[in-house]
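This is what each chain is made of:
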Amino acid sequence: MNILTSKQVTYEYRNAVQTVRAVNGVSCTFQQGHVYAIVGPSGSGKTTFLSLLAGLDVPTSGTIELDGESTAKMNRDSYRLNHVSVIYQNFNLFQHLTVLENAAYPLYVRKMPKKKADELAAEKLLQVGLKEDQFKRFPNMLSGGEQQRVAIARALTSGSELILAIWTVKTAETLLVFCKGWPMREIAVLSLSPTIPQ
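Reading the values: rules and limits
- Residues numbered from 1 in each chain as written.
- Predicted model: local features only at pLDDT ≥ 70, side-chain atom pairs only at ≥ 80, totals over all residues.
- Heavy atoms only, no water.
- Helix = DSSP H or I, 4+ residues; strand = E, 2+ residues; numbered from the N terminus.
- Buried < 20%, exposed > 50% of the residue type's maximum accessible area, 1.4 Å probe, protein only.
- 1 Å grid on protein atoms, 1.4 Å probe; cavity = no way out; pocket = protein on both sides within 12 Å on 5 of 7 lines; lining within 4 Å.
- Points joined across faces, edges and corners; volume = space filled by probe spheres on them.
- Nonpolar A, V, L, I, M, F, W, Y, C, P; charged D, E, K, R; others polar.
- Expected span 1.5 Å × (residues − 1).
- Core = buried A, V, L, I, M, F, W, Y, C linked by side-chain atoms within 4.5 Å.
- Axes fitted to C-alpha atoms, helices over the stretch in contact; angles between N-to-C directions.
- Parallel < 35°, antiparallel > 145°, perpendicular 65-115°, else oblique.
- Left-handed = near helix turned anticlockwise from the far one by under 90°.
- Contact = heavy atoms within 4.5 Å.

## Considerations on unusual backbone geometry
Thinking step 1. Phi is positive for D67, which is not a glycine, with a value near 50°.
Thinking step 2. For D67, the position within the fold is in the loop between β4 (61-66) and β5 (69-70).
Thinking step 3. What makes D67 partly exposed here is its relative accessible area of 45%.
Thinking step 4. One non-glycine residue, N92, lies in the positive phi region at around 55°.
Thinking step 5. Assignment of secondary structure puts N92 in the loop between β6 (84-87) and α3 (99-109).

## Considerations on the layout of surface pockets
Thinking step 1. When its volume is computed, the largest pocket comes out at roughly 480 Å³.
Thinking step 2. Taken together, 20 residues line the largest pocket, and the ones lying closest to its centre are R80, V84, S85, V86 and P106.
Thinking step 3. Breaking the lining of the largest pocket down by element, the ones donating at least two residues are α2 (76-83), β6, α3 and α5 (144-158).
Thinking step 4. Ranked by residues supplied to the lining of the largest pocket, first place goes to α5 with 4 residues.
Thinking step 5. Residue composition of the lining of the largest pocket, grouped by class: 12 nonpolar, 4 polar and 4 charged.

## Digging into α5
Thinking step 1. The terminal C-alpha atoms of α5, which comprises 15 residues, lie 22 Å apart, in line with the 21 Å expected from a rise of 1.5 Å per residue.
Thinking step 2. Turning to α5, its buried residues number three or more, namely Q147, Q148, V150, A151, I152, A153, R154, A155, L156, T157 and S158.
Thinking step 3. In the stretch just after α5, G159 is the one whose phi turns positive, near 75°.

## Quick look at the nonpolar core
Thinking step 1. The biggest cluster of nonpolar side chains holds 25 residues, and the ones touching the most others in it are I87, V99, L100, L125, V128, L130 and V150.
Thinking step 2. When contributions to this core are tallied by element, the ones reaching two or more residues are α3, α4 (114-127), α5 and β7 (162-168).
Thinking step 3. By residue number, the principal contributor to this core is α5, which donates 6 residues.
Thinking step 4. Core analysis: the next-biggest nonpolar cluster, separate from the first, contains 21 residues, F30, I64, Y79 and L164 among them.

## Topic: the packing of α3 against α5
Thinking step 1. Packing of α3 against α5 leaves a shortest axis separation of 7 Å and a crossing angle of 30°. Taken as axis vectors, α3 and α5 run roughly parallel relative to one another. Seen along the crossing, α3 lies across α5 with a hand that is right-handed. Residues V99, N102, A103, A104, P106 and L107 of α3 lie in contact with α5, whose contacting residues are V150, R154, T157 and S158.
Thinking step 2. For the contact of α3 with α5, a count of residues per class yields 6 nonpolar, 3 polar and 1 charged.

Pasting the structure below:
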């Protein structure tokens, strides 16, 4: 079982006038097969914390560990390629690639044979509700909701243990609907900005 842990994680950065502590002593545990939500207003450090979980940076102090190994001590390029998928709020689809190619892209990067990668990607695209006749379309030919589904399918196709999503509560509901009833091999962590005023 994969377990991701955050142990007294602090992250600071320096701007023009001061040192900002964006994350302050966060400790938590994420277990395989579960969905977690990090909820807070804009500027509360949610995205910064997710970037640390994704291995885009390392904590100023404290550790983030996957199965006991600190991300600061591992090859973070390999960690991001093989263990983490991020679903961005603006989807970050490649406009010059088709729907199928976008969903299969993580497997192309891992040098999986194209036929097998496309088959796995097609399976996930169908699971999120897209139709086969949409597979050869480009992202700009899809609605926003359809592009969101392609981004979800890409994350699921990758087979990563950790899925991170930076969304509002409303859009996060889409991912939860698609995951319901599926065998969850992943740890899903959602960074949510409430749409209801605090």
